Amino acid sequence: MTEGSETPQRDQALSAAQDETSAHRQSSGRAAEEARTEAPETTDEAQEPKAPPQGLTMPPWRACGYFATAVVLALAQGFGQSVISANAQQLQGSFATTQAETAWLTAAYMAPNVSLTLALIKIRGQFGIRRFAEISIIGFVLAALLNFSAEGVGPNLAVRFLSGVAAAPMTSLAFLYMLEPLPPHRKMNVGLSAALTFIFMGSPVTRLISPHLLDIGLWHALTSMEVTLAAIGLGLIYLLPLKTPPTPMKIEAGDVISFLFIAVSFGCLAVAAVTGPIYWWTEHAWLGLLLAGGIAAFAVAACIELNRAEPLLDIRWLASPAILHFTAAILLFRLVLSEQTSGAAGLFRSLGLLNEEMQGLWLVVMAATLLGGAICAVLLKPGREFQFHTVALALLIAGSLMDARSTAQTVPSDMYLSQAMVGLASALFLPPALLSGLMSALAKGPNYILTFVIVFLTTQKLGGMFGGAIFSSFVRVRQQLHVQRLSESLSVTDPLVAERLATTSNALSAQLGDPALASAQAASQLAGEVQTQASVMAYNDAFLTVAAASAGALTLLLGHAALKAWQVRASTAAPEEAEIETEERAPVAETPRAQAA
């Protein structure tokens, strides 16, 4: 029982005890005073139930259930989102598809997922959180079960689309369940940090457990894991319901029209971001049409919202300098964070390594992410965003520079330290950014929270996809350039090249028995080594670019902080100077009066 909650009852009990003992005040002593003080405490303890600990709003065992529900939902959503991209090479055989066709499964999942957050927040506000959670998890389980019945590319595309629709509420539900047992002063540091940490861990966990599941039953084993997580979440949500606060939001006809245009816009952009680096941006006209259609649809939605009295999205506030600065910072950080999701994983994939050979690396990344979440939970407070962001960018710079020294002989253990630094940076950057944005939204009013949440989640999903697309496209361009340069430097007339080809050809002749075939095989092996070396050099260029971008962001951050500090000093120095001038003028004005006296 906290001291604040006991004080009113204790005061009332003390006054009652004093009235009953007023006839015996002369004989009251120290013992009577002690007895009179202890009596109310005993009465309170007997009549009132024991309060939960100071850091929770419910008993610890029930709070652990809510935390476990948040973890399950976050990992279930992350697993479903990453399962195709993390196992694309292995699943091509299960689906009988090419690399490009397999990418469409990811595109089908992300196309509805990126925009449904906008609609679901308002649906949740009108119909209540509890009903929203119970219906959403049933849809998630049914969509996961449909994976067992899909055979072929077409049915799997439809099922992945439905899975993306059903998984859209899981992220917000993970946030709500993580925040539910915490008091208000813990929601903004412990709650936000813990929720974001487990959401970040979806991709590393998927890459860590996928090899074991593929050994059991290929795609159906992966699907069984998704169904298992969804079923566990179903039971926990019905066992531990969320509280339903007042529901002031109301869906209007204009909201539906605006959302349709926004859904088309985000869907087109998501599909373009996933398929663009594979089909290549300039080789297919439909990629340009997707990008143009996405931009045009969002422009139409913005025009509609600007002319509504109660818009779904406050475009004017979104276009304010503070929100534009926040959005740019989040997008830039999502771009540089692709150094881990697309950089390290892509480098080892180009070297012929699979997920089972990188399990130690993903364990290190998970440990670093958990450490970053714990640091944020303990130290994060409003006003400390600058320190967290400075440390995160410094870690990104150091980790990227370390990765830029990779060679064709680099193994995952060589990147344990650098990738731990990048994972720690990711966990240290986004919780302070989310806290800062929520504070600015709350300062404007409760209605702006919806708009801010939409901006944050949209920048996370679309920013993450376009960050990976830009990174992959940069690597492909640099790889082609390095292949051209290396091929030009390798001439058949070069004695070293001729000796290498002859040595390899002689070694293969003993196995193949055909000198001409052995020579062709030797040339093919040399070309493969050129491709591998060019790929490593391209990834090193990308790592250096990420380090340069992080250094530029850190410079801007420090410059912005220095400018704010100078403005604060100038604003505080001006009144002091005015007071000094006033004090200096006062004696001068009094001097003639003194002389006259």
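These lines cover the structure that appears in this document, whether it is placed above or below. Remember, predicted model here, so these are calculated numbers, not experimental data. (Residues numbered from 1 in each chain as written. Predicted model: local features only at pLDDT ≥ 70, side-chain atom pairs only at ≥ 80, totals over all residues. Heavy atoms only, no water.)

Quick look at the side chain of threonine 206 now. Turning to its location among the elements, threonine 206 is positioned in helix H9 (residues 202-239). Threonine 206 sits in the buried class, given a relative accessible area of 1%. Setting aside anything within four residues of it in sequence, one finds threonine 206 in contact with Gly78, Phe79, Ser82, Val83 and Ala86. (Helix = DSSP H or I, 4+ residues; strand = E, 2+ residues; numbered from the N terminus. Buried < 20%, exposed > 50% of the residue type's maximum accessible area, 1.4 Å probe, protein only. Contact = heavy atoms within 4.5 Å.)

Considering all chains together, one arrives at four salt bridges under this definition. For the salt bridge of glutamate 305 with arginine 308, the shortest nitrogen-to-oxygen distance reads 3.0 Å. For arginine 478, the salt bridge goes to aspartate 541, with nearest N and O atoms at 3.0 Å. Taken together, the residues arginine 478 in helix H17 (residues 447-489) and aspartate 541 in helix H19 (residues 515-596) connect sequence positions 63 residues apart. Ionic contacts of the salt-bridge type, sharing partners, join the residues Asp255, Glu305 and Arg308 into one network. (Salt bridge = Lys/Arg side-chain N within 4 Å of Asp/Glu carboxyl O.)

Turning to the packing of helix H15 (residues 385-403) against helix H16 (residues 416-444), a few remarks are in order. A pair of packed helices is captured by two measures, namely the crossing angle of their axes and the spacing between those axes. At a minimum axis distance of 8 Å, the contact between H15 and H16 shows a crossing angle of 155°. In terms of orientation, H15 and H16 fall into the roughly antiparallel class. Crossing hand, H15 versus H16: left-handed. Of the residues assigned to the contact of H15 with H16, the class counts are 17 nonpolar, five polar and two charged. (Axes fitted to C-alpha atoms, helices over the stretch in contact; angles between N-to-C directions. Parallel < 35°, antiparallel > 145°, perpendicular 65-115°, else oblique. Left-handed = near helix turned anticlockwise from the far one by under 90°. Nonpolar A, V, L, I, M, F, W, Y, C, P; charged D, E, K, R; others polar.)

Time to look at helix H8 (residues 184-200). With 17 residues, H8 ought to run about 24 Å at 1.5 Å a step, and its terminal C-alpha atoms sit 24 Å apart, in line with that. Bending of H8 peaks at approximately 35° at the position of valine 190. Looking only at H8, the buried set comprises Asn189, Gly191, Leu192, Ser193, Ala194, Ala195, Leu196, Thr197, Ile199 and Phe200. (Expected span 1.5 Å × (residues − 1). Bend = angle between axes of the 7 residues up to and from the residue.)

With that settled, the discussion passes to the environment of leucine 424. Secondary-structure assignment places leucine 424 in helix H16. Taking the C-alpha atoms as reference, leucine 424 lies 9.7 Å from isoleucine 375; in sequence the two are 49 residues apart. With sequence-adjacent residues up to four places away left out, leucine 424 is seen in contact with Ala368, Leu371, Gly372, Ile375 and Leu395.

The end-to-end C-alpha distance of helix H11 (residues 285-306) is 32 Å, a good match for the 32 Å that 22 residues give at a rise of 1.5 Å each. Along H11, the residues that are buried comprise Leu287, Leu290, Gly294, Ala297, Ala301, Ala302 and Glu305. Relative to the axis of H11, the buried residues are bounded by an arc of 140° and lie together on one face. Seen from the open side of H11, the exposed residues pointing more than 90 degrees away from its buried face are Ala285, Leu289 and Ile295. Where H11 is buried, its residues touch helix H10 (253-279) and helix H12 (315-318). (Arc of directions from axis to C-beta.)

On to empty space enclosed by the protein. Going through the model one piece at a time under the given rule, you end up with two cavities of 30 Å³ or more. Every residue lining the largest cavity is listed: Thr117, Leu120, Ile121, Arg124, Phe132, Ala168, Pro169, Thr171, Ser172, Leu457 and Lys461. Roughly 30 Å³ of internal volume is contained in the second largest cavity. What lines the second largest cavity is Arg500, Leu501, Thr504, Ala522, Gln525, Leu526 and Glu529. Of all the elements, H19 adds the most residues to the lining of the second largest cavity, at four residues. Of the residues in the lining of the second largest cavity, the class split is three nonpolar, two polar and two charged. (1 Å grid on protein atoms, 1.4 Å probe; cavity = no way out; pocket = protein on both sides within 12 Å on 5 of 7 lines; lining within 4 Å. Points joined across faces, edges and corners; volume = space filled by probe spheres on them.)

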